[in-house]
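Read off the chains here:
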Amino acid sequence: PFLIGNGLAERLCVNFLLVDKGLLPYPLFCLSEYMLAGDVEYRDSLRLVRDYERDYSTWINFFMKAIIIAAEKTIHLLDALYKLRLSDLERVQNSEKCSPLLLMLYEHLWKSPVVETSKIAPILNVSYNTAAKAVDNLCHLDVLVTMDSKIRYRKFGYEKQLHIIQHIEFV
C-alpha cells in the first residue's frame, strides 16, 4: 500500500495490472465500491500495513475478497447489459423504421447513453432534423426516453442501460 492517501492509486493499479498481464481486456471492475462500503475494515487493514508494517494477511484477504466481489458484480453487470443489447437490437432491427442511421445511433448509445439531438447530429454526420427523427424513432421503440422537460436542448437517455448500471447490487 502507498504511504499517503486513501488507496485510490493502488485500486486503479490493480485494474491496469490485470489489463497489462492480459487477464482483462479492459479495466472493467471497480474495487472502490466494495472497499468503501466496508470502509472501517478497509481503513483498518490498510492502516495496519501502512503504519505498522504488520498483518499483511488481513489486508491481502480483504483485497482478494474485494477483487472476487468486484469480478462477480462485473460479470452480473455485463450479463444484464448483454441481454438488454440483444433484446433491444432485435427490436430496432425488426422495426419498419430500421435504417443504417438508426443502427448507428443505437450503437452510439453504448458509448454514450445520454444524448442531445444538437450534439448527436454532427457525430452521426447528419442534419439536426435527421438526427431528431432518429432519436424520435428510438423513443417510439422504447429505447430512448426524454430525461428532462426542456423544449430545446432536451436530453434523451438509454434509461434501461442506465438503470442496469446504476442499480447493480453486490452479489
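Here is a short report on the structure shown in this document. All of these numbers come straight from a predicted model, not from anything done at the bench. The residue numbers shown here count from 1 along each chain, following its written sequence. With pLDDT at 70 or above as the cut-off, local features in this predicted model cover only qualifying residues; side-chain atom pairs require 80 or more to be listed or tallied, and sums for whole chains, interfaces and linings still use all residues. Side-chain numbers come from the whole structure's heavy atoms, not from hydrogens or water.

Looking at the overall build of the chain
Moving on, step 1. A run of H or I in DSSP counts as a helix once it spans at least four residues, and a run of E counts as a strand once it spans at least two, with each numbered from the N terminus. Helix and strand content of the chain: eight helices and three strands.
Moving on, step 2. The linear arrangement of helices and strands in the chain, starting from the amino end, is α-α-α-α-α-β-α-α-β-β-α.
Moving on, step 3. Against the 2.2 N^0.38 benchmark of 16 Å for 171 residues, the chain shows a C-alpha radius of gyration of 21 Å, more extended than a compact globule.
Moving on, step 4. Counting only C-alpha atoms and orienting by the principal axes, one finds that the chain spans roughly 65 × 30 × 30 Å.
Moving on, step 5. Under the scheme applied here, a residue whose accessible area is under 20% of the maximum for its type counts as buried, over 50% as exposed, and between as partly exposed, the area being computed with a 1.4 Å probe on protein chains only. Taking all 171 residues of the chain together, 36% fall into the buried category.
Moving on, step 6. By definition in these notes, contact holds between two residues if any of their heavy atoms fall within 4.5 Å. Long-range contacts, defined here as pairs at least 24 residues apart, represent 58% of the contacts in the chain between residues at least 6 apart. Just to be clear, the radius of gyration here is over C-alpha atoms, and the globule rule we use is 2.2 Å times residues to the power 0.38.

What about the sheet that holds strand β1 (residues 114-116)?
Moving on, step 1. Should DSSP find at least two bridges between two strands, the strands are taken to pair. Taken together, three strands build an open sheet; the order of strands is β1-β3-β2 and the sheet is antiparallel. Only two strands of the sheet have a single partner each, and these edge strands are β1 and β2 (145-146).
Moving on, step 2. Two elements, β2 and strand β3 (residues 155-157), share two bridges in a ladder whose sense is antiparallel. Bridge pairing in β3 places Val 145 opposite Gly 157.
Moving on, step 3. Only the stretch in contact is used when fitting a helix axis, every axis being a line fitted to C-alpha atoms; angles between N-to-C directions are given from 0 to 180 degrees. Here helix α6 (residues 117-124) sits on the sheet in contact with β1 and β3, set at roughly 90° to β1.

Examining the state of the cysteines
Moving on, step 1. Two cysteine sulfurs form what is called a disulfide whenever their separation falls within 2.5 Å. Enumeration over the complete set of coordinates arrives at zero disulfides.
Moving on, step 2. Cys 139 supplies the cysteine sulfur nearest to Cys 98, a cysteine that is in no disulfide, at a spacing of 16 Å.
Moving on, step 3. By relative accessible area, which is 29% here, Cys 98 ends up partly exposed.

Details of the side chain of Ser 45
Moving on, step 1. By the element assignment, Ser 45 lies in helix α3 (residues 39-52).
Moving on, step 2. Assessed through its relative accessible area of 3%, Ser 45 is described here as buried.
Moving on, step 3. In contact with Ser 45, not counting residues within four places along its chain, are Thr 58, Trp 59 and Phe 62.

Concerning α3
Moving on, step 1. Expected helix span is given by 1.5 Å per residue-to-residue step, counting one fewer step than there are residues. The first and last C-alpha atoms of α3 sit 19 Å apart over 14 residues, in line with the 20 Å expected at 1.5 Å per residue.
Moving on, step 2. Of the positions making up α3, those classed as buried are Tyr 42, Ser 45, Leu 46, Leu 48 and Val 49. When α3 is viewed along its axis, its buried side chains cluster within an angular range of 150° and face the same direction.
Moving on, step 3. Glu 53 sits one or two positions beyond α3 and adopts a positive phi of about 50°. Arc definition: directions from the helix axis to the C-beta atoms.

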